[in-house]
Amino acid sequence: MQSIHRQVLDKICELERGSIFFPEDFASIGNSESVRQALSRICREGTIIRLSKGIYLYPVIDGELGVFYPSVERIAKAISKRDKSRIVPTGAFALNRLGLSTQIPMNVIFLTDGITRKINIGKQTITFKHIHPKGLSFRGKITPLAVAALKEIGKDKALPDELLKIGKALQSEPAEIVLSDACLAPRWITDIIISLIKNPNDERVAKY
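Thresholds applied
Residues numbered from 1 in each chain as written. Predicted model: local features only at pLDDT ≥ 70, side-chain atom pairs only at ≥ 80, totals over all residues. Heavy atoms only, no water. Pairing = 2+ DSSP bridges. Helix = DSSP H or I, 4+ residues; strand = E, 2+ residues; numbered from the N terminus. Axes fitted to C-alpha atoms, helices over the stretch in contact; angles between N-to-C directions. Salt bridge = Lys/Arg side-chain N within 4 Å of Asp/Glu carboxyl O. Contact = heavy atoms within 4.5 Å.

The next point concerns the sheet that holds strand β1 (residues 19-21). Sheet architecture is open: 3 strands sit in the order β1-β3-β2, paired in antiparallel fashion. Taken across any chain shown, the strands that pair with only one partner, and hence form the sheet edges, are β1 and β2 (49-52). Strand-to-strand twist across the sheet, computed as the mean angle between neighbouring axes with direction ignored, equals 35°.

Okay, here's the thing in structure tokens:
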């Protein structure tokens, strides 16, 4: 019978490069302590990288550029998938994703119906804040970013060019999904999103 180390390593090598994984993914091979010891050894051997406690990467490595690390969003989504929870972005992260800010936040916050926790990834921090599941019922991917960005900017503070960028981003999603998701937001944000969908190139939406 192969050692636990060998079995864990073989399973990792079956993964696609760039995959994020967790000790729980090897529960069928051995107990948690044996699996963690195997992962620690495989880290020392240089096959995988430990991103944070209990979070590992089977890295893509370029001969000139070195290791390609996953984005904070990819890591957060991997954790959410493992925990069978939902997440939506907030604040500065949403502004960055929509092209409204070039600043990459060091503390990225996601709302979740899972547990509240904070995870350090290198110099960055991912914070999960628990909220009522109703606030996570978005069907689309862009509207939650738009809602979070508008909340961060503040009521009556969005500039015309910011609204035009948000409107352009919203066009990449079916209008019925955007309108459905918009109803989950505060009324003033719902009004802006509806106006952006109806008049995506009209700067007069800035009146809101």
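There is more to say after this.
A word on the pattern of salt bridges. According to the stated counting rule, one finds 9 salt bridges in the structure shown. A salt bridge links D83 to R82; its shortest N-O distance comes to 2.9 Å. One network of salt bridges, in which partners are shared, links E24, R82, D83 and R117.

A sheet is described by the order of its strands in space; here 4 strands give the open sequence β6-β7-β9-β8, paired in mixed fashion. Whereas interior strands pair on both sides, the edge strands pair on one side only; in this sheet they are β6 (87-89) and β8 (117-121). Each strand of the sheet is rotated relative to its neighbour by a mean of 25°, with strand direction disregarded. Seen against the sheet, helix α3 (residues 72-83) touches β6, β7 (107-112), β8 and β9 (124-130) and runs at an angle of roughly 40° to β9.

Everything listed here is a matter of geometry and, on its own, says nothing about what the molecule does.
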